[in-house]
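Secondary and tertiary structure notes
Now for the letters of each chain:
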Amino acid sequence: MSLTNEQTQWFATTFGQVVSHVEQALVGKTTQVQLAMTCLLAEGHLLLEDFPGTGKTSLARAIAQTLQGKHNRIQFTPDLLPSDVTGVTVYDQKNQRFEFHPGPIFANIVLADEINRASPKTQSALLEVMEEGQVTVDGTTHAAGHPFMVIATMNPIEQAGTYRLPEAQLDRFLMKTSLGYPDHQSTMSILKSSGTKSGTKGLTALITTDAVVSMIDLAALVHVEDTVVDYISRLVAATREAPEVQLGCSVRAGLGLMRASKVWAAASGRNYVTPDDIKSLAAPVLAHRMVLDPEEE
């Protein structure tokens, strides 16, 4: 079964409307917003690494507020505990039984602010939920929200008091991108509206969680030719064979690139994937998963 022309048109129109809505809070960053929405609809997670004040948190908040679902923000600090993220089981003396109190990870959009400031023990609390969409506490499994997406932010400077994200953690993120500083015209627009615009506070929900789930299901129906699958396979294999790379991309990376390319194609009004879709997404999907030789970095 493949997408009909009507379904493809609805997908592309809705995708464009959501991107335009988010851009109200993030001026001049169309490509980055498109990547973030592609990540959401491909059921992946997004890592934003950039300098302070470039709008990382604003992007995450804008996406969360555009989606008519539950969203939470977790400020990662060195003293944050895993139970502060996943939740904890507490004994209720009145009912004489243990009750689970869910943590902030139980939401549709979770903003993990400055994720590298938490200890590796706390970071590991995200591994299960980012991969399987569930949390296991005291032997009991609890499902997270659907759709579910973690948007994490990192600061490339001010590394004092931070912990390096392990490769297993980085591999859980479908994409990694940066926003960069806005151009002159965008900066002018931001400065002019600073006295009248409240940024993300003025955004209202535009799309329901049911509509997002429908878009996720439709994206899965996008056709991928065997030659394009072969292209993805060879591309991922090349990262493992390159002499300057110590650790290449896993099969998970190839699967992620496939899912993201389907969304990218549908957002472009097509029900099939082209090699150009793969080229557009290869860097944000694959680059952060590779470990280079120190001399090559």
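What counts and how
- Residues numbered from 1 in each chain as written.
- Predicted model: local features only at pLDDT ≥ 70, side-chain atom pairs only at ≥ 80, totals over all residues.
- Heavy atoms only, no water.
- Helix = DSSP H or I, 4+ residues; strand = E, 2+ residues; numbered from the N terminus.
- Lys, Arg positive; Asp, Glu negative; His and termini not counted.
- Charge placed at Lys NZ, Arg CZ, Asp CG, Glu CD.
- Axes fitted to C-alpha atoms, helices over the stretch in contact; angles between N-to-C directions.
- Parallel < 35°, antiparallel > 145°, perpendicular 65-115°, else oblique.
- Left-handed = near helix turned anticlockwise from the far one by under 90°.
- Contact = heavy atoms within 4.5 Å.
- Nonpolar A, V, L, I, M, F, W, Y, C, P; charged D, E, K, R; others polar.
- 1 Å grid on protein atoms, 1.4 Å probe; cavity = no way out; pocket = protein on both sides within 12 Å on 5 of 7 lines; lining within 4 Å.
- Points joined across faces, edges and corners; volume = space filled by probe spheres on them.
- Phe/Tyr/Trp six-rings, centres within 6.5 Å; stacked < 30°, edge-to-face > 60°.
- Buried < 20%, exposed > 50% of the residue type's maximum accessible area, 1.4 Å probe, protein only.
- Lys NZ or Arg CZ within 6 Å of the ring centre and 35° of its normal.
- Pairing = 2+ DSSP bridges.
- Core = buried A, V, L, I, M, F, W, Y, C linked by side-chain atoms within 4.5 Å.

What follows is about the overall build of the chain. Along its length, the chain carries 12 helices and 13 strands. In terms of overall dimensions, the chain has a C-alpha envelope of 60 × 50 × 45 Å along the principal axes. The average position of the 23 basic charges and that of the 32 acidic charges among the side chains of the chain differ by 6 Å.

Attention shifts here to the packing of helix 10 (residues 226-241) against helix 12 (residues 275-286). It is the contact of helix 10 with helix 12, at a shortest axis distance of 11 Å, that shows an interaxial angle of 30°. Comparing their axes, helix 12 and helix 10 come out roughly parallel. Considering the relative orientation of helix 10 and helix 12, their crossing is right-handed. On helix 12, the residues that touch Val228, Tyr231, Ile232, Leu235 and Val236 of helix 10 are Pro275, Ile278, Lys279, Ala282 and Leu286. Looking at the contact of helix 10 with helix 12, its residues break down into 9 nonpolar, no polar and 1 charged.

Further remarks concern empty space enclosed by the protein. Here the structure, examined in full by the defined rule, presents 1 cavity of 30 Å³ or more. Each pocket or cavity is described by its volume, and for the largest cavity that value is around 40 Å³. Lining the largest cavity are Phe15, Val18, Met37, Leu41, Ile207, Val212 and Met215. Mapped by element, the contributors of at least two residues to the lining of the largest cavity are helix 1 (5-22), helix 2 (30-41) and helix 9 (209-219). Class assignment of the residues belonging to the lining of the largest cavity gives a composition of 7 nonpolar, no polar and no charged.

Summed over the entire model, instances satisfying the criterion amount to 3 aromatic pairs. Taken together, a centroid distance of 5.7 Å and an interplanar angle of 75° make the contact between Phe100 and Phe106 edge-to-face. You can call Phe106 buried: its relative accessible area is 14%. A cation over a ring is seen here: Arg270 above Tyr272, with NZ or CZ 5.6 Å from the ring centre.

As summarised here, the arrangement of the 5 strands in space is 3-6-9-1-10, forming an open sheet in which the pairing is parallel. Each end of this open sheet is capped by a strand with a single partner; those strands are strand 3 (71-75) and strand 10 (175-177). The average undirected angle you get between the axes of adjacent strands in this sheet is 15°. Alignment of strand 1 (residues 46-49) against strand 10, held across 3 bridges, turns out to be parallel. Along strand 10, the bridge assignment pairs Leu48 with Thr177. Contacting strand 1, strand 6 (109-113), strand 9 (149-154) and strand 10, helix 2 runs over the sheet at an angle of about 165° to strand 10.

Alternating residues of strand 7 (residues 134-137) divide into Val135 and Val137, all buried, and Gln134 and Thr136, none buried. Where strand 7 meets strand 8 (residues 140-143), 4 bridges bridge the pair, whose relative direction is antiparallel. Its bridge partner lying in strand 8, Thr136 is registered against Thr141. With antiparallel pairing between neighbouring strands as the criterion, strand 7 and strand 8 make up a hairpin whose turn holds 2 residues, including Asp138 at a positive phi of roughly 55°.

Bringing the nonpolar core into the picture now. One finds Phe11, Phe15, Leu59 and Met175 to be the most contacted residues of the largest nonpolar core, which totals 59 residues. At 8 residues, the largest contribution of residues to this core is made by helix 11 (residues 251-267). In this structure, Phe15 is in contact with Gln34, Met37, Thr38, Leu41, Met215, Val263 and Ala267, ignoring residues within four places of it in sequence. Ile105, Ala107, Val135 and Leu165 belong to the second largest nonpolar core, which has 25 residues in total.

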